[in-house]
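# Architecture and fold: a report
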Amino acid sequence: MAKDWFAWHDLYNSQELLQQRLAIVQKYISDSLDAAPAGTIQVVSACSGDGRDLLGVLETHPRAKDVRARLVELDPKLVERGKEAIAKLGLTDQIEFINGDATLTANFAGHVPADVIIVAGIFGNLPNEEVLQKLIRNLTYFAKTGAFAIWTRGERDGFRYSERVRAIFQENNFSEADFQLTATGNMAVGRHRFDSQTISEPLDEHFFEFTGTPEKAGLLVSTP
Ligand SMILES: C[S@@+](CC[C@H](N)C(=O)[O-])C[C@H]1O[C@@H](n2cnc3c(N)ncnc32)[C@H](O)[C@@H]1O
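Anyway, here's the lowdown on the structure attached to this text. Each chain carries its own residue numbering, running from 1 in the direction its sequence is written. Restriction of local features to residues with pLDDT of at least 70 applies here, the model being predicted, together with a cutoff of 80 or more for giving and counting side-chain atom pairs; totals for whole chains, interfaces and linings are based on all residues. In computing side-chain properties, one takes all heavy atoms of the structure into account and sets aside hydrogens as well as water.

Time to look at the pairing of strand β4 (residues 114–119). The buried label goes to any residue with under 20% of its type's maximum accessible area, the exposed label to any with over 50%, and the partly exposed label to all in between, with areas taken from a 1.4 Å probe on protein chains only. We count a stretch as a helix when DSSP gives it H or I for four or more residues in a row; a strand needs E for two or more, and each element gets its number in order from the N terminus. Counting buried positions along β4 gives six out of six residues, so the element sits mostly inside the fold. In the sheet, strand β1 (residues 41–46) pairs with β4 via three bridges, with the strands oriented parallel. The residue bridging S45 from the neighbouring strand is I118, located in β4. Of the strand pairs in this sheet, β4 and strand β5 (residues 143–154) are connected by five bridges, and their pairing is parallel. Looking across to β5, one finds that I117 is bridged to A149. Crossover handedness is defined by viewing with both strands directed away from the observer: a clockwise path from the first strand over the helix to the second marks the crossover as right-handed. Crossover connection from β4 via helix α5 (residues 129–142) to parallel β5: handedness right-handed. When DSSP finds two or more bridges between two strands, those strands count as paired.

The following block contains the structure:
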């Protein structure tokens, strides 16, 4: 059982669920970079862990030099590891990894609206559906018209939580570009395109609450 979020990341070494989830998230990130118009590609990632999803793609993606990113993560050890990976890629000037609270829209100011928004490992850690609705509503401030939001959601006890996620994205003018379950069957990954006009101010300064724990997230991993 993972005792903290840093230890939870070690599960990537052994757990198929997380490995499959990462592969799909990276495919969706890569496809989103492929689809971006010429010029700078702005990327933001909330609760980004050590940033392995985006940074893994940038290792080989032909548009890597066009990316300007801000990653926001609360655990300082994960941020440190992410920064080391950024330095190894030679992308220090373009990828900013901050040790901060991703629930505050202020921590993304100046970096949004973005072309790619990564919200992986968040939706299963919200206290209720109202908070999920609030978070997705606020993505209309984070997203340029045509931007992609990439998300994940665990399915527990046979309940397809991802169906509500898909519906809420649709209600907020995001159309579904991709959706896939991991081969383990209990993790959904989606990519939604924002088809409407970006709003110029955030609807909420504090746009979600992250109440999940690494112990609970670890349970999903070990009991498919
Ligand atoms: C389930 S992990 C997902 C990490 C990464 N996105 C991934 O998919 O591998 C959730 C992450 O959210 C971070 N986190 C929790 N609350 C946060 C907050 N308020 N602001 C920023 N990061 C937070 C945790 O430290 C943890 O690294």
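Back to the text.
To continue, consider the packing of aromatic side chains. Geometry of aromatic contacts follows a simple scheme: Phe, Tyr and Trp rings, the Trp one being its six-membered ring, pair when their centres are within 6.5 Å, and the pair is stacked under 30 degrees between planes, edge-to-face over 60, tilted otherwise. Scanning all chains against the criterion turns up 15 aromatic pairs. Geometrically, the ring pair formed by W151 and F169 is stacked, given 6.0 Å between the ring centres and 25° between the ring planes. Separated by 18 residues along the polypeptide, W151 in strand β5 and F169 in helix α6 (residues 161–171) bring together distant segments of the chain. A relative accessible area of 0% means that W151 is categorised as buried. Members of the aromatic cluster, each reached through a chain of ring pairs, are F123, W151, F169, F174, F179 and F194. Sitting over a ring, as applied to charges here, requires NZ of Lys or CZ of Arg to be within 6 Å of the ring centre and within 35 degrees of the ring normal. Its guanidinium or amino end placed over the ring of F6, K77 lies 4.3 Å from that ring's centre, counting from NZ or CZ. Sitting above the plane of the F179 ring, R166 keeps its charged end 3.5 Å from the centroid.

The cutoff for a nearby residue is simple: one of its non-hydrogen atoms must lie within 4 Å of the molecule or strand. Lining the immediate surroundings of the ligand are 18 residues, of which Y12, R21, C47, E73 and A102 lie closest. With respect to the ligand, the backbone of C47 contributes an N or O atom lying 2.8 Å from a nitrogen atom. Methods summary: accessible areas were calculated by the Shrake-Rupley approach with a probe of 1.4 Å, and residue burial reflects only the protein chains presented. For the ligand, the protein covers 94% of the area, taking 590 Å² as the surface of the free molecule. The residue classification treats Ala, Val, Leu, Ile, Met, Phe, Trp, Tyr, Cys and Pro as nonpolar and Asp, Glu, Lys and Arg as charged. All others, Gly included, are polar. The class makeup of the residues in the shell around the ligand is nine nonpolar, six polar and three charged. In protein, a polar contact requires one atom able to donate a hydrogen and another able to accept it; more generally it is a pair of N or O atoms within 3.5 Å, and residues adjacent in sequence count only if both atoms are side-chain atoms.

In this section: the environment of F208. By secondary structure assignment, the location of F208 is in the loop between β7 (187–194) and α7 (214–222). With 101 residues separating them in the primary sequence, F208 and N107 have C-alpha atoms 13 Å apart. Residues in contact with F208, not counting those within four places in the same chain, are C47, A102, T103, I122, L126, V131 and L135. The contact criterion used throughout is that any non-hydrogen atoms of two residues lie within 4.5 Å.

Looking now at the pairing of β5. In terms of burial, β5 is largely enclosed, as nine of its 12 residues are buried. Pairing analysis gives seven bridges linking β5 to β7, with the strands arranged antiparallel. Across the sheet, G154 pairs through a bridge with M187, a residue of β7.

For helices, the fitted axis covers only the stretch in contact; all axes are lines through C-alpha atoms, and the angles between them, taken along N-to-C directions, range from 0 to 180 degrees. Two elements in contact, α5 and α6, have axes whose closest approach is 10 Å; the angle formed by their N-to-C orientations is 40°. The orientation of α5 with respect to α6, classified from their angle, is oblique. Pair α5 / α6 crosses with right-handed handedness. Of the residues in α6, those touching α5 at E129, L132, Q133, I136 and L139 are R164, V165, I168 and F169. Tallied by class, residues from the contact of α5 with α6 come to six nonpolar, one polar and two charged. To sort the angles, those under 35 degrees are grouped as roughly parallel, those over 145 as roughly antiparallel, those from 65 to 115 as roughly perpendicular, and the leftovers as oblique. Helix crossings get a hand from a simple test, with the near helix turned counterclockwise from the far one by less than a right angle marking a left-handed crossing and a clockwise turn marking a right-handed one.

The strand order across the open sheet formed by seven strands is β3-β2-β1-β4-β5-β7-β6, and the pairing between neighbours is mixed. Looking along the sheet, the strands with just one partner apiece sit at the ends: β3 (95–99) and β6 (174–181). Going from strand to strand, the sheet's axes swing by 15° on average, the running direction of each strand aside. Sheet topology places β1 next to strand β2 (residues 67–73); six bridges connect them, and they run parallel. In the sheet register, V43 faces β2, and the bridge partner there is A69. Along the sheet, helix α2 (residues 16–35) makes contact with β1, β2, β4, β5, β6 and β7, crossing β7 at roughly 15°. Of the strands in this sheet, β1, β4, β5, β6 and β7 touch α5, which is tilted by about 150° from β5.

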